Amino acid sequence: MPARTSLLVAALICLISIEGTVDTHAETVVAAPLAQQLAQRVTIYRDGYGVPHIDARDLPSAAFAFGYCQCEDYFWQVEDSTIWALGRYAEINGKSALESDLITHSFEIPSRSRTDYEQTAPENRVIGEAFAAGINHYLATHPETKPRLIQHFEPWHLLALGRRVYLELSLISNQRRGDFSPEAASEINQQAGSNAWAVGPSKTKLGSTMLFINPHQPWYGYGQWYEGHLRTDDGIDFYGATFFGSPLLAIGHNHKCGWSFTVNEPDVVDLWNIRFETDRPNHYRHGDQMREATLWQQEIKVKGQPSQMYTLRKTHHGPILKENSDGTFRACQCANLYEHDVLTQLKGMLRAETVHEVRAGMGLKGLPIFNTVSVDSQGNILYLYSGSVPRRDPSFDWTQPVDGNDPRTDWLGLHSIDDMPQILNPPTGYVQSCNSTPFTTTDDSTPAPLDFPHYMVMDKHDDKRRAKVSRMILRESQDLTLEQFEQLAFDTRLYWAINELPNLRRHYERLKTSNPDLASQAAEYFQHFDGWDCRIKADCTRSTLCVAWYEELYGFGYPAETLKANFVSQPDLKFQALIQAAQKLQANFKQWQVPWGDIHRIQRHSNVANLVAVPLTDRKPSLPCLGAPGPLGIVFTVYYTPSMYIPVLRETRKQYAVVGTSYTGVVEFTQQGVRSKSLIQFGSSSDPQSPHYLDQAQLPSEGRMKDVQLDWQQIRAQARRSYRPGERN
């Protein structure tokens, strides 16, 4: 370790050692000299889109500046995510957030994170301390920013946020959220997903490898992406994105390799039904032994209400989350929740030079779920279905709650990375991952389902249309250039329309004989699809009618890929649904032939996390958006609010993007080096007065991204602003 880094580590560990012995004001005073030292070890360069390129001597200094930059661009979200992770969300949002806080405290996210942080590796505590110092340095140098709740950020907050995000994503991906919190199991929570592709040398013009990064996260709330570039003197030079509140980038690339993640469904969460003893209500049998649950009192503050004390309870199977109708109690456990070490994993992955090193990093299980798609400059492409999957007794049905009093339902350790489905360099020359089964990742040499425990892959039968259209596109692609790959990132072909409209045309011809009245009523609308190429375009009215019809047939939202039962038993009703779709368009827009871009829009609002509460309105400016809901089988995936007209209360006849394509990038590795392009759905700044508030929103409609500058000589020369943390304009 270089001497200068050793001195910094010593200083930071010294600061950590005195934490807890001083009041908040004293902590701020002590931290100030440290912040000034760190600020002198780093320079921030803002490019033409406001993206921060951070040039630091070492990783703690980079983390310090990265925390500072996140606050410059969106302190409100940094604080909001942290409040949520600390189980204090109801303090600022009222009763509607109480359920979330109860889950947070039932899993002991804040209390265990505070104590566990002191046991983490010293080099990770250094990063956590530096990141928190960067946030606090921003507050100290920007007195006009008024936190809603957190006046001083602690290093252990980072650990709590990582655990809370992992818990939430795991509960949603394992479809467990609704088991104990029905209001949280809404369609809008289920819409987060992703696309990721990797293509090998056989499919590219230059014999290069290419990576498509395309997470589909909510455009508001903790799942928003923040884009940046981190470089250190000791070898890190990584461009990509992460969630607000994270000290390191999570997806992206360096000069040798890159990767992206998509949400998968490894079985990492289980439920147990536990029967407590009648005469000893806090004790339960576990085979021949008697165990005692742990009880504690938790105070939760709710905005506008007196504080309330809740009695919480946990067993060796995790916290008790509800009482069942038969008198048993439901416990829930999330594998590796407290053991995962995301900082150690990401530190290594940022330096990775090959897909093999990326795979080794995922083997640490610091990120306990996710598909990983990776490429490197040596011509390798990789797909890995990763997850902290417990070993279990296969005689039980783990898709259902199991008997928590039976020792045979105890977990038996974790599966290693070698046990998971994965593909390296398939002969097809590509892999894709679109929140679908790992067993149809490419056309050949995919893993076989029977080679894995039945409980491991919950999404084994889920081959989404996004995956199908991706395979269709990649199968046909040859001699790809980066610019062509960029165009494919915005491909608007609708797989459902391509495959179903021919079948519906044959059905319609039969309908003319079997039900001529219905055929006549539907004729004008159905014939509107004649000659359509099944692509969404801004001025295309067929696209609007097609998606409206689809939602009548399959439902609105996500996953919505199963035809409603009444259309299966009475297929003629499909054309009645077409008529209804057209009539709704007529009622909302005074015509049923509505250009797609006129009503599918992008509009940004800051300082709001709840998608339902975003004050979208037809009365304010907006931009067209050509993405469409993923269930139709489209690469450019975007989910919109429904048309809603309630006089005085809500007038949003247009549909506004709220989930979908967020941080997006394409990367090419050649023998000459790396090229990449990227975008974020709005812009880098949350300030409506900033030129970077919405400056990237128009790019997708133009079918392009911004060029990523990776050469530091050019970055310095072209920077719109260069400064150290704390320096003001």
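Residues numbered from 1 in each chain as written. Predicted model: local features only at pLDDT ≥ 70, side-chain atom pairs only at ≥ 80, totals over all residues. Heavy atoms only, no water.

Attention now moves to the overall build of the chain. A count of helical and extended segments in the chain gives 21 helices and 30 strands. Over its C-alpha atoms the chain spans a radius of gyration of 26 Å, differing by no more than 12% from the 27 Å that the globule rule assigns to 729 residues. Classification of the 729 residues of the chain by burial places 61% in the buried group. Once local pairs closer than 6 in sequence are excluded, the contacts in the chain between residues at least 24 apart make up 68%. Entry remark: accessible area of the chain is about 28,200 Å², with carbon and sulfur atoms responsible for 49%. When the 71 basic and 82 acidic side-chain charges of the chain are each reduced to a single mean position, those positions are 3 Å apart. (Helix = DSSP H or I, 4+ residues; strand = E, 2+ residues; numbered from the N terminus. Rg over C-alpha atoms; globule rule 2.2 N^0.38 Å. Buried < 20%, exposed > 50% of the residue type's maximum accessible area, 1.4 Å probe, protein only. Contact = heavy atoms within 4.5 Å. Areas by Shrake-Rupley, 256 points an atom, 1.4 Å probe, with all protein chains shown as cover. Lys, Arg positive; Asp, Glu negative; His and termini not counted. Charge placed at Lys NZ, Arg CZ, Asp CG, Glu CD.)

Here we come to unusual backbone geometry. Most peptide bonds take the trans configuration, and most residues that are not glycine carry a negative phi. Even without a glycine there, the phi angle at Glu-108 is positive, about 55 degrees. Residue position: Glu-108 is located in the loop between α5 (98-106) and α6 (109-117). Overall, the relative accessible area of 13% leaves Glu-108 in the buried class. The residue Asn-425 is not glycine, and still its phi comes out positive at about 50 degrees. Locating Asn-425 in the fold gives a position in the loop between β19 (422-424) and β20 (430-433).

Our next topic: the packing of helix α13 (residues 465-476) against helix α15 (residues 495-514). Two numbers describe how α13 lies on α15: the axes approach to 9 Å, and their chain directions differ by 90 degrees. As judged from the angle between their axes, α13 and α15 are roughly perpendicular. The residues of α15 that touch α13, namely those facing Arg-465, Lys-468, Val-469 and Met-472, are Tyr-495, Trp-496 and Ile-498. (Axes fitted to C-alpha atoms, helices over the stretch in contact; angles between N-to-C directions. Parallel < 35°, antiparallel > 145°, perpendicular 65-115°, else oblique.)

One open sheet accounts for ten strands, arranged β19-β17-β16-β8-β7-β6-β5-β2-β1-β30; its pairing is mixed. In this open sheet, the two strands that pair with only one neighbour each are β19 and β30 (721-723). Each neighbouring strand pair of the sheet contributes to a mean axis angle of 20 degrees, computed without reference to strand direction. Pairing between strand β8 (residues 257-262) and strand β16 (residues 371-376): six bridges, direction antiparallel. Its bridge partner being in β16, Phe-261 is matched across the sheet by Thr-372. Strand contacts of helix α12 (residues 355-362): β8, β16, β17 (381-385) and β19, with the helix running at about 155 degrees to β16, the strand carrying the most contacts. (Pairing = 2+ DSSP bridges.)

Once that is clear, we can look at the environment of Gln-217. Relative to the assigned elements, Gln-217 resides in strand β4 (residues 209-218). Looking at Gln-217, the relative accessible area reads 6%, which means it is buried. In the structure, Gln-217 is positioned 199 residues away from Ser-416 in sequence and 28 Å away in space, judged by C-alpha atoms.

It is worth stressing that arrangement in space is one thing and function is another; only the former is reported here.
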